[in-house]
Amino acid sequence: MSLNEKDTHGYAAKDGDKLERKKIMGFGLSEAFKVSNVHNVYVAGCDLHGGKEDVVDVVRGTAKFMRTFMYPSNKTKQTVTVKGGGQAIFDRCKFVGKSDKQDIVVGDFTIYDAVQKNRPKSKVKLNRCVGVHSEDKNKKRPIYAVVLHGELEYDENTEVHVVRVPKFLVKIYFSIMRLFTSKERKEEAIRNLKISPDI
């Protein structure tokens, strides 16, 4: 599927989606662009804006972003999250914004971690990406990342300031989050995974 309309207010990707030269606005939504349990999503030359939680959220899916700008709003918590075993590649992308929030969070807790131990690690690859200031998009800055239950790779042309949370702290954090995950959310995860819980 190829989408070429000018503007869209939020978008949930489908298997094999191909988006080119598109502006997606996430203001008022949890995220502007969602990849949830779908694969082979391709995004090129797009502008992705806003979202209360994220600009891009990849959960249990795979996606590749090329030459795409990502703009967090003042309320956005982090620009990109890849979790639940999701995988994403960013090639020649720009992360726009100040350095007071994370650009990328890899392997954060999900409802699926509440019902299944040892979920696959989430993975992110950065190739020739750059962080730029919102006031001056020609002024470069590092990309800021946090890695929990995941892996982050980047090439020599990408400057990243990364915090890799120790495994024992991730284990404690996930254990606490499981206690606060509601029964309804756990049941939702079980239905989506089509498994019996092992926790």
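Residues numbered from 1 in each chain as written. Predicted model: local features only at pLDDT ≥ 70, side-chain atom pairs only at ≥ 80, totals over all residues. Heavy atoms only, no water.

> I would appreciate a short explanation of the overall build of the protein chain in the present structure.
For the protein chain, the count of helices and strands is two helices and 21 strands. At 16 Å, the protein chain has a C-alpha radius of gyration in line with the 16 Å of a compact globule built from 199 residues. On the principal axes, the C-alpha backbone points of the protein chain span a range of 50 × 35 × 30 Å. Residues counted as buried form 48% of the 199 residues belonging to the protein chain. Put simply, 58% of the contacts in the protein chain that link residues at least 6 apart link residues at least 24 apart. (Helix = DSSP H or I, 4+ residues; strand = E, 2+ residues; numbered from the N terminus. Rg over C-alpha atoms; globule rule 2.2 N^0.38 Å. Buried < 20%, exposed > 50% of the residue type's maximum accessible area, 1.4 Å probe, protein only. Contact = heavy atoms within 4.5 Å.)

> Any chance you could explain the pairing of strand β12 (residues 78–83) here in plain terms?
A regular strand places its side chains so that they alternate between the two faces of the sheet. Counting buried positions along β12 yields six of six residues, so the element is predominantly enclosed. As defined by bridge partners, strand β9 (residues 54–59) adjoins β12 across four bridges and the pair is classed as parallel. Considered in β12, the bridge of Val58 is made with Val82. Relative to strand β15 (residues 102–106), β12 is paired through four bridges, and the arrangement is parallel. Its bridge partner being in β15, Thr81 is matched across the sheet by Val105. (Pairing = 2+ DSSP bridges.)

> What's the story with the packing of aromatic side chains in this structure? I'm lost.
Here a ring pair, both rings aromatic, is described through the centre-centre distance and the interplanar angle of the planes. In the structure shown here, the tally under the stated rule is seven aromatic pairs. When the centroid spacing of 5.7 Å and the interplanar angle of 65 degrees are considered together, the rings of Tyr173 and Phe174 count as edge-to-face. Owing to a relative accessible area of 6%, Phe174 belongs among the buried residues under this scheme. The cationic tip of Arg60 hangs over the ring face of Tyr112; the distance from NZ or CZ to the ring centre is 4.4 Å. (Phe/Tyr/Trp six-rings, centres within 6.5 Å; stacked < 30°, edge-to-face > 60°. Lys NZ or Arg CZ within 6 Å of the ring centre and 35° of its normal.)

> Could you clarify how one ought to interpret the nonpolar core in this entry?
The nonpolar side chains of soluble globular proteins are, as a tendency, buried together. Core analysis: the largest hydrophobic core is formed by 34 residues, its most contacted members being Phe33, Phe90 and Leu126. When neighbours within four sequence positions are excluded, Phe90 is seen to be in contact with Phe65, Met70, Val80, Phe95, Val124, Lys125, Leu126, Asn127 and Cys129. Of all hydrophobic cores here, the second largest spans 13 residues; its members include Val59, Ala114, Phe174 and Leu193. (Core = buried A, V, L, I, M, F, W, Y, C linked by side-chain atoms within 4.5 Å.)

> Would you take a moment to explain the sheet that holds strand β19 (residues 143–147) for this structure?
Overall, parallel pairing links the seven strands, which are arranged β3-β6-β9-β12-β15-β19-β21 in an open sheet. Edge positions in the sheet fall to β3 (11–12) and β21 (160–164), since each of these pairs with one other strand and no more.

> Can you walk me through the side chain of Thr81 in this structure?
As for its placement among the helices and strands, Thr81 is situated in strand β12. Judged by its relative accessible area of 3%, Thr81 is buried. Not counting chain neighbours up to four residues away, the residues in contact with Thr81 comprise Asp54, Val56, Asp57, Val58 and Val105.

> Explanation requested: the side chain of Thr110 in the structure shown.
Secondary-structure assignment places Thr110 in the loop between β15 and β16 (122–127). A residue is classified by how much of its surface remains accessible, and Thr110, at 7% relative accessible area, is buried. Contacts of Thr110, omitting those with residues within four sequence positions, involve Lys83 and Gly84.

> I would appreciate a short explanation of the pattern of salt bridges in the present structure.
Once their charged atoms are close, side chains differing in charge can pair, the charge on each being opposite to the other. One pass over the structure, following the stated rule, counts seven salt bridges. Residue Lys77 pairs with Glu53 through a salt bridge whose shortest N-O separation is 3.4 Å. Here the residue Lys77 occupies a position in the loop between β11 (69–71) and β12, and Glu53 occupies one in the loop between β8 (47–49) and β9, the gap between them amounting to 24 residues. Connected through salt bridges with shared partners, the residues Lys34, Asp57 and Lys83 form a single ionic network. (Salt bridge = Lys/Arg side-chain N within 4 Å of Asp/Glu carboxyl O.)

> Got a minute to help me understand helix α1 (residues 167–179) in this structure?
A turn of α-helix holds 3.6 residues, and therefore any two residues three or four places apart point the same way. Taking 1.5 Å as the rise per residue, α1 with 13 residues should run 18 Å; its terminal C-alpha atoms sit 19 Å apart, in good agreement. Here the buried face of α1 lies against α2 (183–193). (Expected span 1.5 Å × (residues − 1).)

> Got a minute to help me understand the environment of Lys83 in this structure?
Tracing the backbone shows Lys83 in strand β12. In this structure, the C-alpha to C-alpha distance between Lys83 and Asn118, residues 35 residues apart in sequence, is 13 Å.

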